[in-house]
There are 4 protein chains.
Amino acid sequence: MHIGIIGLGKMGANMRTRLRAAGIEVTGYDRNPEVTDVATTDELVQALPAPRIVWVMVPAGPITDSVIGDLGEKLDEGDLVIDGGNSRFTEDFKHAEFLATKGINYVDAGVSGGVWGVTNGYGLMVGGKTEQVERAMPIFDALRPEGPRDEGFVHAGEIGAGHYAKMVHNGIEYALMQAYAEGYELLEAKDTLISNVPGIFKAWQQGTVVRSWLLELLVRALEHDPNLSDIEGYVEDSGEGRWTIEEAIENAVPVPTISASIFARFVSRQDDSPAMKAVAALRNQFGGHEVKKAD
Amino acid sequence: MHIGIIGLGKMGANMRTRLRAAGIEVTGYDRNPEVTDVATTDELVQALPAPRIVWVMVPAGPITDSVIGDLGEKLDEGDLVIDGGNSRFTEDFKHAEFLATKGINYVDAGVSGGVWGVTNGYGLMVGGKTEQVERAMPIFDALRPEGPRDEGFVHAGEIGAGHYAKMVHNGIEYALMQAYAEGYELLEAKDTLISNVPGIFKAWQQGTVVRSWLLELLVRALEHDPNLSDIEGYVEDSGEGRWTIEEAIENAVPVPTISASIFARFVSRQDDSPAMKAVAALRNQFGGHEVKKAD
Amino acid sequence: MHIGIIGLGKMGANMRTRLRAAGIEVTGYDRNPEVTDVATTDELVQALPAPRIVWVMVPAGPITDSVIGDLGEKLDEGDLVIDGGNSRFTEDFKHAEFLATKGINYVDAGVSGGVWGVTNGYGLMVGGKTEQVERAMPIFDALRPEGPRDEGFVHAGEIGAGHYAKMVHNGIEYALMQAYAEGYELLEAKDTLISNVPGIFKAWQQGTVVRSWLLELLVRALEHDPNLSDIEGYVEDSGEGRWTIEEAIENAVPVPTISASIFARFVSRQDDSPAMKAVAALRNQFGGHEVKKAD
Amino acid sequence: MHIGIIGLGKMGANMRTRLRAAGIEVTGYDRNPEVTDVATTDELVQALPAPRIVWVMVPAGPITDSVIGDLGEKLDEGDLVIDGGNSRFTEDFKHAEFLATKGINYVDAGVSGGVWGVTNGYGLMVGGKTEQVERAMPIFDALRPEGPRDEGFVHAGEIGAGHYAKMVHNGIEYALMQAYAEGYELLEAKDTLISNVPGIFKAWQQGTVVRSWLLELLVRALEHDPNLSDIEGYVEDSGEGRWTIEEAIENAVPVPTISASIFARFVSRQDDSPAMKAVAALRNQFGGHEVKKAD
């Protein structure tokens, strides 16, 4: 099998490595000349045997739009585009419909695993027609972790279902991280009693109910920096977390922990909170409570 | 009627003023010689006609304990102690039991209204035996706002019920303030569209569903400082808010908005968040996402 | 002044009444022949003096779209359409742009006050060009509560700002209601101590920090049904609450109390919670805790 | 080594099994004659070689109090009591102080692992004097999972630190479960797109960021009952979750996800929500929105 990848950033380049290691021939394209295999997407298209498979691994949004638009021009009927990036599932509907006008097939693939995927394998959630998913199965089998296929791969439903599942995965991920983080702060705060916070997390790795991969990562981080003194409590968020809330709202699903997690990230990035200024102002008004003067 | 007040801070002194304006004779004691009417609590006790009524208006906790302990020594059977401070309702059980061993009566009074109470009157929530509450009614009538008694005063139940109602009042108050504050931040954030944030709050004062006294106070604050630039978003919390959560937990009552309000205050006082350090560390571990280095 | 109103439901009919009482001539159209003044919107347009003003008061979404589409066909250059319904502010951009192609002006008006507005007046938040807002001021003055204009009316900003402010108003409203509701449940739960829950709410009406119009309404409800035994805890939500969360997410504004309020409504409408089934299943799996069997 | 266990319920009996399998002699006492090794605690004390070690594994609260009171009477100076139950850490201070008056030593041990611990080993968090912890190390080594000691065992600090760490562990556990549960509900709700919810959870087991032991348990549950139709969404909570919130409040630590998790459990057990009755009543009052009549 010989496929193309467009986008050779951290994720795309690692996936190329893993695919090649599994014996799949890969031609990769990236704007960065230092990592690309070909100079143009035209070259990429020419390099691939028909019917072609092209895996798109670029940032969600306008860049993915533009890459898929370009592929729509250059690919032929019967080819297959797989969007492995973090696109919103609603984008899949649009992309699939556009490509379908040219007779080009489409599969969406949510990919989890981060920088560890190249060695551990990637968790894959896929949406699309069964026939197309089957066709790409050697790719999925190469990318996913070893072991039973259904423990690292799922055909979740129609087009969009892969990215939807990945979106929910990330929403859960946000809340899991926040849960450990709240526990960490509680243990840190009780320093009159608790003398070994990193040791507690380390000890939770076997036998406990809270053991997980994220826990292992937190143990690693605490081994490196036992009270996280080098790190500022400033946390970005990405599209999937936000879309999860929007889908929850749309479907009337209560998501108190996922929303709390994303709000905590918003607060973490504020120098000062307009809302808490308002609360301070109110307390001052009714109770004569002093406010802290801003500098 | 002639009563004693112990504690002539901002609240106690204002209440003495309002009571005297209503024709009630008041002898006040405070450690501060500039505001006290008598030099000692012995003098206070001697100045009052028996059976005496003493209103305690000192900080909740050890100071209230100590004042009530002192009164237990000095008052006589049939006297009445009213705790108008912000004691936890569980303290009322202890104080009433102690005083009862001396035959001294007890009423707890939750008081709302802040610095505005001296002119507007105070909202009063009272717990205790009907006979004792009736006995102190002239005091309550003088302190509460003008108008129908039941719109500014309630006999909420047995001993402790007054402070319990006040505790819940404050828990609600926290969430109301947070609600307006979130709305304020949303309007501030949309400065590409919204050109008159203070004007919006001002306009909500009549006819809308959200009109309230707190809204009026926020309007005052915004008239003084339209974007709250002089104020830091740093907010203290007091016992009642915390006790409300503890009671909710104890009685299995979900209180998501009240707890969110108190957590927002906790965060507002942190220089950096240990929890968010942990989340940042985790993101760095699995995704190679950069962290902000602490200074 | 003589204006048209399209939509004579509960809100629109009341507004017609209030406008007429203020001396403004109103021709109203509604599909319901029992309440309409004219048989068709053509008749409505013919009845109005040019340049015309038409107030649209129909459900947000497709119906508003259709009414504005119809007006775009029938009105003339220089006429003014005011959308007083609960449209999302993003719809205003679309509607204004469409009407502008015909030279028709547009103002959006958020309206608060519910069934009480006909007597108390409506709180009004308006967006649009100053010239057009000025032109409609007699209407706003008639609809808003008596008293200073700026306590019941605001020109909040450009087109969309009125509905944006109303959206935030409703988000706040959700959280305010939830705050009182949590306090109510806490007081109800403590029935060993609290003997007079309705009396407590009634007493909070004067002098307290939590006094508000919503509190007065809760007092009314409790006077009618002291423990709300006739009412099921089932609560709908409307667009504005949801849009508020979406805007918060879009602008990275933490809104923990507003989101908690909307999630509480989602839960209130569920017969059983899929999420809590999953938690019950998990507890059963790791701890052997018994689950309640579904019927 | 030969130790005693008091309490042979699900956890205690399993621990006896695991200890014996590791070559530690165990004499167990339980009120239930079918599982006990001795008829009375007197017999248990006589059966053990001095200085004795007794592991207490009974329900937290009065029963633990009573067992430790009994042991205080019957044990000798130099003996060691280990409370392996789910006691609140503040109880440890009381129990240790009481036993110290008799010269009896004390260690608190938080134990995680549920019904799986007998085969997988138990995660152990221990508080107390180093000397006493060392003394009991063969027991801890037998109970904890195989592998490095510090991945299943921690000496977390002074007396109380073990139960404190376990309390935080359970608080985190609540939020982790709720996170997966919210994701589950989101996937279930999107049944127009997602055709394989159990398969998605199964596929998350390898390679993803959200892989964990709880996830594996959810997969098991879904394999047994793919849409959890046999289970009602009714979830109990135990002391540790509540204490976690109380400690958070006490230490001003924001715990939005942990509190959201416990509130979701409270709601899950309500037939109807008093709070949501109040919200429904309010909506009816201001907007004339219909309420659902209670039966």
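Residues numbered from 1 in each chain as written. Chains lettered and ligands numbered in written order. Predicted model: local features only at pLDDT ≥ 70, side-chain atom pairs only at ≥ 80, totals over all residues. Heavy atoms only, no water.

- Under an unreviewed UniProt entry, chain A has the name Decarboxylating 6-phosphogluconate dehydrogenase and belongs to Cryobacterium tepidiphilum.
- The Sequence similarities (unreviewed entry) field of the UniProt record for chain A holds the comment "Belongs to the 6-phosphogluconate dehydrogenase family." (UniProt positions renumbered as here; feature names shortened; annotations may be inferred.)

## What to know about the pairing of strand E6 (residues 123-127) of chain D
All names here are of chain D.
Phase 1 of the analysis: E6 sits mainly inside the fold: five of its five residues count as buried.
Phase 2 of the analysis: Here E6 shows two buried faces, one formed by Gly123, Met125 and Gly127 and the other by Leu124 and Val126.
Phase 3 of the analysis: Bridge analysis of strand E5 (residues 105-112) against E6 gives five bridges, and the strand direction is antiparallel. By the bridge assignment for E6, Val111 is matched with Leu124. (Buried < 20%, exposed > 50% of the residue type's maximum accessible area, 1.4 Å probe, protein only. Helix = DSSP H or I, 4+ residues; strand = E, 2+ residues; numbered from the N terminus. Pairing = 2+ DSSP bridges.)

## Let's talk about the relation of the copies chain C and chain D
Phase 1 of the analysis: For the pair chain C and chain D, the best superposition has an RMSD of 0.0 Å and corresponds to a rotation of 180 degrees with a translation of 0.0 Å parallel to the axis. The symmetry that links the two subunits is that of a two-fold axis.
Phase 2 of the analysis: Comparing contact sets, 100% of the residues at the interface of chain C also lie at the interface in chain D, consistent with an isologous, same-surface contact. (Least-squares fit on C-alpha atoms with pLDDT ≥ 70 in both. Contact = heavy atoms within 4.5 Å.)

## Brief notes about helix H13 (residues 274-287) of chain A
Residues and elements named next belong to chain A.
Phase 1 of the analysis: Over its 14 residues, H13 extends 20 Å from the first C-alpha to the last, a length consistent with the 20 Å expected when each residue adds 1.5 Å.
Phase 2 of the analysis: Of all 14 residues in H13, 12 are buried, a share of seventy percent or more.
Phase 3 of the analysis: Among all positions of H13, only Ala275, Met276, Lys277, Ala278, Val279, Ala280, Ala281, Leu282, Arg283, Gln285, Phe286 and Gly287 are buried.
Phase 4 of the analysis: Among the residues trailing H13, Gly288 stands out with phi positive, at a value near 70 degrees. (Expected span 1.5 Å × (residues − 1).)

## Quick notes on the sheet that holds strand E4 (residues 80-83) of chain A
All names here are of chain A.
Phase 1 of the analysis: On the basis of which strands lie adjacent, the open sheet formed by seven strands has the order E2-E1-E3-E4-E5-E6-E7 and mixed pairing. The sheet is open, and its two edges are formed by strand E2 (25-29) and strand E7 (153-157), each paired on a single side. When the angles between neighbouring strand axes are averaged without regard to direction, this sheet yields 25 degrees.
Phase 2 of the analysis: Pairing of E4 with strand E5 (residues 105-112), which is carried by four bridges, proceeds in the parallel orientation. Looking across to E5, one finds that Asp83 is bridged to Asp108.
Phase 3 of the analysis: Sitting on the sheet, helix H1 (residues 10-21) touches strand E1 (2-6), E2, strand E3 (53-56) and E5, and the angle it makes with E1 is about 170 degrees. (Axes fitted to C-alpha atoms, helices over the stretch in contact; angles between N-to-C directions.)

## Details of the sheet that holds strand E1 (residues 2-6) of chain D
All names here are of chain D.
Phase 1 of the analysis: Read across the open sheet, the seven strands follow the order E2-E1-E3-E4-E5-E6-E7; overall the sheet is mixed. Each edge of the open sheet is held by one strand with a lone partner, namely strand E2 (25-29) and strand E7 (153-157). With direction set aside, neighbouring strand axes in the sheet form an average angle of 25 degrees.
Phase 2 of the analysis: Both strand E3 (residues 53-56) and strand E4 (residues 80-83) contribute to a ladder of four bridges, which runs parallel. Note on E4: the bridge partner recorded for Trp55 is Ile82.
Phase 3 of the analysis: With respect to the sheet, helix H4 (residues 89-100) is in contact with E4 and E5, its orientation differing from that of E5 by roughly 150 degrees.
Phase 4 of the analysis: Set on the sheet, helix H8 (residues 161-189) makes contact with E4, E5, E6 and E7; between it and E5 the angle comes to about 15 degrees.

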